[in-house]
Amino acid sequence: MTTKRIRRITVPDIQARKNKLPIVSLTAYTTPIARLMDPYVDLILVGDSLGMVIYGMPTTLGVTTDMMIAHGCAVMRGSQQACVVIDLPFGSYQESPQQAFQTASRILKETGASAVKLEGGEEMAETVSFLTQRGIPVCGHIGLMPQSVQTMGGFKVSGKNEEQSNKVLKDGQAIANAGAFAVVLEGVVEPVAKMITQNLAIPTIGIGASPTCDGQVLVSDDIFGVFDEFTPRFVKRYATIGKQMEEAVKTYAQEVKERSFPAMEHCFQPVGKAK
Ligand code: KIV
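So, a few notes on the structure that sits alongside this text. (Residues numbered from 1 in each chain as written. Predicted model: local features only at pLDDT ≥ 70, side-chain atom pairs only at ≥ 80, totals over all residues. Heavy atoms only, no water.)

We now examine the overall build of the protein. Broken down by element type, the protein carries 11 helices and eight strands. Counting only C-alpha atoms, the protein reaches 75 × 45 × 35 Å along its principal axes. Looking at the 275 residues of the protein, the share that counts as buried comes to 50%. Element-wise, carbon and sulfur atoms account for 57% of the exposed surface of the protein, whose accessible area totals about 14900 Å². (Helix = DSSP H or I, 4+ residues; strand = E, 2+ residues; numbered from the N terminus. Buried < 20%, exposed > 50% of the residue type's maximum accessible area, 1.4 Å probe, protein only. Areas by Shrake-Rupley, 256 points an atom, 1.4 Å probe, with all protein chains shown as cover.)

Under the defined criterion, the tally for this structure stands at zero disulfides. Considering cysteine sulfurs only, Cys83 is the nearest to Cys139, which forms no disulfide, with 9.2 Å between them. Distance from the sulfur of Cys213, which forms no disulfide, to the nearest cysteine sulfur (Cys139) is 12 Å. Residue Cys213 is classed as buried on the basis of its relative accessible area of 5%. (Disulfide = S-S within 2.5 Å.)

Taken together, the residues surrounding the ligand are Thr27, Leu45, Gly47, Asp48, Ser49, Asp87, Lys117, His141, Val184, Ile207, Val217 and Val219. Between the ligand and Lys117, the relevant distance is 2.9 Å, taken from an oxygen atom to a side-chain nitrogen or oxygen of the residue. Within the complex, 95% of the 260 Å² of free accessible area of the ligand lies under protein. (Near = heavy atom within 4 Å. Polar contact = N/O pair within 3.5 Å; in protein donor to acceptor, adjacent residues only side chain to side chain.)

Within the secondary structure, Ser25 sits in strand β1 (residues 23-27). Reaching out from Ser25, the side chain makes a polar contact with the backbone oxygen of Leu43 at a distance of 2.9 Å. Beyond its immediate sequence surroundings of up to four residues, Ser25 is in contact with Leu43, Leu45, Gln216, Val217 and Leu218. (Contact = heavy atoms within 4.5 Å.)

Attention now moves to the environment of Ala253. Among the structural elements, Ala253 can be located in helix α11 (residues 241-257). For the pair Ala253 and Met145, spaced 108 residues apart in the sequence, the C-alpha separation amounts to 41 Å.

For the bond running from Phe261 to Pro262, omega is 0 degrees, close enough to zero to count as cis. Here Pro262 is to be found in the segment after α11. Even without a glycine there, the phi angle at Asn19 is positive, about 60 degrees. Tracing the chain through its elements places Asn19 in the loop between α1 (11-15) and β1. Positive phi, close to 60 degrees, is recorded for Arg259, a residue that is not glycine. Note on placement: Arg259 falls in the segment after α11. Assessed through its relative accessible area of 74%, Arg259 is described here as exposed.

Right, here's the structure in full:
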C-alpha cells in the first residue's frame, strides 16, 4: 500500500501569492481545530490572541514563550499542509535582535513550525533583518498592534488621519525592506490598507483592513461564534457554536439529574452477559 505524502505549504509559496489567489488564514491553538481547518487554509497562525481566547486574559501581554510553544506543537500535530506561523509573545523579542533570535529559534526548533510573526514597524526593522539573515522567516504585523494596547490606550484603528496613514505606510515599507515574507495589516482604514497592498512587494494579510489585501486572517473562535460577547466590526460569524455547546451542557445536566443518562447502552456488562 502506498500512502500519499501531503506537502506542507512553504514560506516561499506564501510569498509567491502576492497579487494572486488570496491567502486563506485563520488562527488555531489546538490539535482538533488545526486538523479540521487544515485542508481549507493556506496559513495557520498560532496567535498570541490565545491568551484572551483560551486563557481568558484581558490582553495578550501575559502570554509566555512556553505557552506559544505548547500550542504551536499542538497545531503542528493537527496539521499536514498549512504553513504554520507562531507569534512571538510580548517581552520575548522587543529588547534586542539577539533576544528575538533566542526566542524565535527556540520556537522553530521545539515546534517545527515554518515562521514567526512579530508586531512592530520601523522600530522592529533591524530585528526583522537580523532574524531573516539568520534563517528565521518573519511575518510582520502593523497597524493595530495588540501588544501595544497600553501605549495606544486601547484597541484603536490606525490610518484615520494623514499622520497615522504616513506612519503605517512607512512601517509596511520598513518591514518589507527588512526581509519579512508577508505582513499582517490589522485595524487599518480601508484606503490605506489598499495603498499599502499596492505599494509593497510582499503579500499583505488583512484583518479589519481591505478586501484588496493579498490574504485575510480571522480569529477562529470569532468565526465559529464561540463567544456571545462583543463582536468587532471586522468579524463575520459563520456559526454559533457557543450556543450549541451551551445547549449540550444544559441537556446533559438535565439528563444526569433525572437519571436518563447514562442509559444501559452506555454501561459495561460482565463477560458473557447479554448486552
Ligand atoms: O494573535 C493573533 O491572533 C493575531 C491575529 C489576530 C492576526 O495576531
